[in-house]
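# Results of the structural survey
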Amino acid sequence: MTRGATVPPALRPRFSRVGVVGGGQMGAGIAEVCLRAGLDTVLCEADGTAAKAAGERVAVSLERAVERGRLDRIPAEDALARLVVTSGLEDMADRQLVVEAVVEDTAVKAGIFGSLDTIVEDPGAVLATNTSSIPVMRLGMATRRADRVLGLHFFNPVPVLPLVEVVTSLHTSSETVGAAAEFAEETLGKTVIRSQDRAGFVVNALLIPYLLSAVRMAESGFATSADIDAGMRQGCAHPMGPLELADLIGLDTVAAIAASLYEEFKEPLYAAPPLLLRMAEAGLLGRKTGRGFHQYDQG
């Protein structure tokens, strides 16, 4: 494994060595914004095949940014040169900040945090989760450094959307919160909002009931998916309709977030409609599979 070019020490931010665990849509996006900020970035996936796909995902996204005029060619090439892709979690040993971005499953995430706790050598390193809804406390308690664990919730597509939710558990130290917020704002150039450690945090606690209401409307036959989305785009000036947005997020992810919210609050508005659950089971997950509430070109 050969590391790419690094940033001169005088220019390094507080976290200059960052790790991202999980190279899917979100993890690759987080890795990309770290690379574009000049950081030494290691992206870890479960095996060699997934790691290769994660690296290609970052490369394609950077190339797209160049084609669309959002990024110059040389900075894009420099960013990609800094990326290290691996299938070994042990390569996180020297990281100062590790962001977990794997499947929205408490047991899987907690297992990763437990492993990172023993692997990451710096006791002052920050371990962050990109979870959309799982309480941060559950993940922090899988480690012996819960004061250094918090949520850094990015939004998809990460290189485009400016928001990051900083989520603190009852154990998260003020020093950890300050360092993470500074990283998101000053190093990555994101807008930060802060949330207490409740399922869904700020955005998804408001967004998911809206998306589920749209699914119920389509499920009942009250209106078509196209009309529901057109109604919210044209009638409420939303840039994207609710079912289009659900397809972009991923219907499996929407269902998982709804399950976490319902588990915590037991409110009917958080219960996933049967249609959403069946579509997730059928692998009709939206944009990433080419079909959800709408059809998408996978070419």
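Structural notes, computed from the coordinates. Predicted model, so just to flag it, every value in this text is computed and none were measured. (Residues numbered from 1 in each chain as written. Predicted model: local features only at pLDDT ≥ 70, side-chain atom pairs only at ≥ 80, totals over all residues. Heavy atoms only, no water.)

This next bit is on the nonpolar core. In terms of nonpolar packing, the biggest core is built from 39 residues, with I30, L97, L152, F154 and F183 touching the most fellow members. With seven residues, helix α1 (residues 25–36) is the single largest residue contributor to this core. Not counting residues within four places of it along the chain, the set of residues in contact with L97 comprises F15, R17, V18, G19, V126, A128 and F183. Grouped together as the second largest cluster of nonpolar side chains are 21 residues, A199, L251, I257 and L276 included. (Core = buried A, V, L, I, M, F, W, Y, C linked by side-chain atoms within 4.5 Å. Buried < 20%, exposed > 50% of the residue type's maximum accessible area, 1.4 Å probe, protein only. Helix = DSSP H or I, 4+ residues; strand = E, 2+ residues; numbered from the N terminus. Contact = heavy atoms within 4.5 Å.)

Let's shift gears to helix α4 (residues 106–119). With 14 residues, α4 should cover 20 Å at 1.5 Å per step; its first-to-last C-alpha distance of 20 Å lies within 8% of that length. Within α4, the full set of buried residues consists of K109, I112, F113, L116 and D117. For α4, the buried positions fall inside an angular range of 140° around the axis, keeping them on one side. Seen from the buried face of α4, the exposed residues on the opposite side, beyond 90 degrees, are A107 and T118. Residues of α4 that are buried in the fold lie against β1 (17–21), β4 (97–100), β5 (126–129), α5 (136–140) and β6 (149–154). (Expected span 1.5 Å × (residues − 1). Arc of directions from axis to C-beta.)

So, about the pattern of salt bridges. Side chains that differ in charge, positive against negative, can pair when their charged atoms come close. Under the definition given, this model contains 14 salt bridges. Residue E63 is joined to R73 by a salt bridge in which the shortest nitrogen-to-oxygen separation is 2.6 Å. Of the two residues, E63 sits in helix α2 (residues 48–67) while R73 sits in helix α3 (residues 73–81), which places them 10 residues apart along the sequence. Assessed through its relative accessible area of 39%, R73 is described here as partly exposed. The network of salt bridges with common partners includes R14, R148 and E175. (Salt bridge = Lys/Arg side-chain N within 4 Å of Asp/Glu carboxyl O.)

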